[in-house]
Amino acid sequence: MVAVKEEKSLEEGLLKLKNQNEASGCRITACVILSTFVAICGSFSFGVSVGYTSGAEVGMIKDMGLSIAEFSAFGSFSTLGATFGALFSGKMAIMLGRKGTMWVSDILCITGWLCIAFAKDVLWLNIGRFSSGIGLGLISYVVPVYVAEITPKHVRGTFTFSNQLLQNCGLAMVYFCGNFINWRMMALLGALPCFIQGIGLFFVPESPRWLAKAGTDKELENSLLRLRGRDADISSEASEIQVMTKMLESDSKSSFSDLLQRKYRHTLVVGIGLMLIQQFSGSTAVLCYANTIFRKAGFSVAIGSTLLGIFVVPKAMIGLILVDKWGRRPLLLTSASGMCLFCMFIGLAFTLQKMQLLLELTPVFTFICVTLYIASYAIGVGGLPWVIMSEVFPMNIKVTAGSIVTLASWSSSSIVTYAFNFLFEWSTQGTFYIFGAVGGAALVFIWFLVPETKGLSLEEIQLSLIREPDEINHT
């Protein structure tokens, strides 16, 4: 009874502070922009890693004498390493802080890229790919969480989605430069953003919400002052963060059993479901092996990869612009619809090719559909699962839930990356029909389960999701 009254009073206090916060408003400062830029530098390396196998395939197989099985294994070692990194991402982010975790990821990524760049045999290639993969597993969790925790709520979606923009910049570099830059040089370029991030982290503040969790109120206020401006009134925002942190800590001690509570099941299902949709709809396979798909369709690999390199960044800008205007749900539904439709069209193109029909049109049609598939992916399913993951989990379960969700993403990505070449050999059209069916199922999942979080503070989102199951339970 006492706990219920205490929780109720904390909720009422949070609602009062919310009104004060809305009245005071939040500015976008140079510190927020710099901190976001430094954080998402690691995402550029992420994008290079995703597209690396597409740009490096021909040169690496020729120089190192790799078989298809060995190259597929090399490609999957990144996602395997990221799966391993995901196991520790949440715990590390809470023990070392958001900045400390990014430093660890930088060391692992730089080591991995250097091993690949100077590899003399397949063993060092795989060690390097695995090491950088672990770093990517940490980056994929901590970067969107950090950005979501430092930005004002009215631009949080845009700033967090910039993570996806930098990933696409990395992809563009691989697709565009892979035609004339050696695969070893591309590996060195993949390490460069990690050096920039490692240095930049010395000049940006730690996440105020992590500082509240760590119990350092003075550092929390200093962090908010740097992020909101020295002349800003940060008292209401600081109090809101402290109140929500206190409420969650009194409710739970952040163990795995917390995830089994009724009030957290919805958020966990949403987080894991979106990650599985992201991977099993074929995104990683298409991005990693775009050149293989073009080659199979009879389209020029050089022209296809160059055009993708030019196109891949502007398309990501669409999601960046729309995420805080349209909202998360409309963009996700639009994205999943496009991915489903264009996967079916790619499957149809390969079906016509197999039947020896319209052979002169199939290569161009396949290229257009692959390009539009990637565009559909970029505006929603590519980045929004990470945005939503960073928003819906309260601080008391963010460690465990975030690690599980990141693990689900990378383990499923590892399966898809490794299996794609074998599936493609089995049935070119069947592979894309399977991906299209997953896209169709994604529409149903998003429509019924994914909440809209646009325009709400992290504390408001988490309070509404926690109360929702309890309200249903009492009716």
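What comes next is a walk through the structure. A quick note: this is a predicted structure, and the numbers were derived from the prediction, not measured.

Conventions and cut-offs
Residues numbered from 1 in each chain as written. Predicted model: local features only at pLDDT ≥ 70, side-chain atom pairs only at ≥ 80, totals over all residues. Heavy atoms only, no water. 1 Å grid on protein atoms, 1.4 Å probe; cavity = no way out; pocket = protein on both sides within 12 Å on 5 of 7 lines; lining within 4 Å. Points joined across faces, edges and corners; volume = space filled by probe spheres on them. Helix = DSSP H or I, 4+ residues; strand = E, 2+ residues; numbered from the N terminus. Nonpolar A, V, L, I, M, F, W, Y, C, P; charged D, E, K, R; others polar. Core = buried A, V, L, I, M, F, W, Y, C linked by side-chain atoms within 4.5 Å. Buried < 20%, exposed > 50% of the residue type's maximum accessible area, 1.4 Å probe, protein only. Domains from an automatic or database assignment. Contact = heavy atoms within 4.5 Å. Axes fitted to C-alpha atoms, helices over the stretch in contact; angles between N-to-C directions. Parallel < 35°, antiparallel > 145°, perpendicular 65-115°, else oblique. Left-handed = near helix turned anticlockwise from the far one by under 90°. Expected span 1.5 Å × (residues − 1). Polar contact = N/O pair within 3.5 Å; in protein donor to acceptor, adjacent residues only side chain to side chain. Salt bridge = Lys/Arg side-chain N within 4 Å of Asp/Glu carboxyl O. Phe/Tyr/Trp six-rings, centres within 6.5 Å; stacked < 30°, edge-to-face > 60°. Bend = angle between axes of the 7 residues up to and from the residue.

**A word on empty space enclosed by the protein**
Piece 1. Tallying each qualifying case throughout the model produces three cavities of 30 Å³ or more.
Piece 2. Of the pockets and cavities examined, the largest cavity occupies roughly 260 Å³.
Piece 3. Residue lining of the largest cavity: 25 residues in total, with Phe46, Val50, Thr284, Tyr377 and Trp410 positioned closest to the centre.
Piece 4. If you list the elements that add at least two residues to the lining of the largest cavity, you get helix H2 (30–64), helix H3 (68–95), helix H5 (122–150), helix H6 (156–177), helix H11 (262–280), helix H12 (283–288) and helix H18 (395–426).
Piece 5. A class-by-class count of the residues in the lining of the largest cavity yields nine nonpolar, 15 polar and one charged.

**Notes on the nonpolar core**
Piece 1. Tyr52, Met60, Leu125 and Phe432 are the most contacted members of the largest nonpolar core, which has 110 residues in total.
Piece 2. The dominant element in this core, judged by the number of residues it contributes, is H2, at 13 residues.
Piece 3. Three or more residues apiece are contributed to this core by two domains, here domain 1 (29–204) and domain 2 (253–469).
Piece 4. Discounting chain neighbours no more than four positions away, the residues touching Phe432 are Val286, Ile293, Cys343, Ile346, Gly347, Phe350 and Phe424.
Piece 5. Membership of the second largest hydrophobic core comes to ten residues, among which are Leu224, Leu225, Ile234 and Ala238.

**Notes on the packing of helix H15 (residues 328–354) against helix H16 (residues 362–379)**
Piece 1. Interhelical geometry of H15 versus H16 gives an angle of 160° and a closest axis separation of 8 Å. When the axis of H15 is compared with that of H16, the two are roughly antiparallel. Handedness of the H15/H16 crossing: left-handed.
Piece 2. For the contact of H15 with H16, a count of residues per class yields 16 nonpolar, seven polar and no charged.

**Topic: helix H7 (residues 183–200)**
Piece 1. In this model H7 runs 27 Å from its N-terminal to its C-terminal C-alpha over 18 residues, within 8% of the 26 Å that 1.5 Å per residue would give.
Piece 2. Those residues of H7 hidden inside the fold are in contact with H2, helix H4 (97–117), H5 and H6.
Piece 3. The distance from a side-chain oxygen at the start of H7 to the backbone nitrogen of Arg184 is 2.8 Å, and the residue carrying that oxygen is Asn182.

**A closer look at the pattern of salt bridges**
Piece 1. Summed over the entire model, instances satisfying the criterion amount to one salt bridge.
Piece 2. Notably, a salt bridge pairs Arg98 with Glu149, separated by 2.8 Å at the nearest N-O pair. Of this pair, Arg98 sits in helix H4 while Glu149 is found in helix H5, placing the two residues 51 residues apart along the sequence.
Piece 3. Residue Arg98 is classed as buried on the basis of its relative accessible area, which comes to 1%.

**A word on the packing of aromatic side chains**
Piece 1. Under the definition given, this model contains 18 aromatic pairs.
Piece 2. Residues Trp103 and Phe202 carry aromatic rings whose centres are separated by 5.0 Å and whose planes lie at 55° to one another, so their mutual orientation is tilted. Here Trp103 is found in helix H4, whereas its partner Phe202 is found in the loop between H7 and helix H8 (208–214), with 99 residues between them in sequence.
Piece 3. Take Trp103: its relative accessible area is 27%, and that puts it in the partly exposed class.

**Observations concerning the packing of H11 against helix H19 (residues 428–449)**
Piece 1. Remark: H11 packs on H19, axes separated minimally by 9 Å, with the N-to-C direction vectors making an angle of 160°. Classed by the angle they form, the pair H11 and H19 counts as roughly antiparallel. Regarding H11 and H19, the two cross each other, and that crossing is left-handed. Listed contacts from H19 to His266, Val269, Val270, Gly273, Leu274, Ile277 and Phe280 of H11 are Phe435, Val438, Ala442, Phe445, Ile446 and Leu449.

**So, H3**
Piece 1. For H3, which comprises 28 residues, the first-to-last C-alpha distance of 41 Å matches the rise-based estimate of 40 Å (1.5 Å per residue) to within 8%.
Piece 2. At Ser89, H3 shows its maximal bend, which comes to roughly 45°.
Piece 3. Positive phi appears at Gly97, one or two residues downstream of H3, with a value of about 90°.

Honestly, it's all geometry; don't read function into it.
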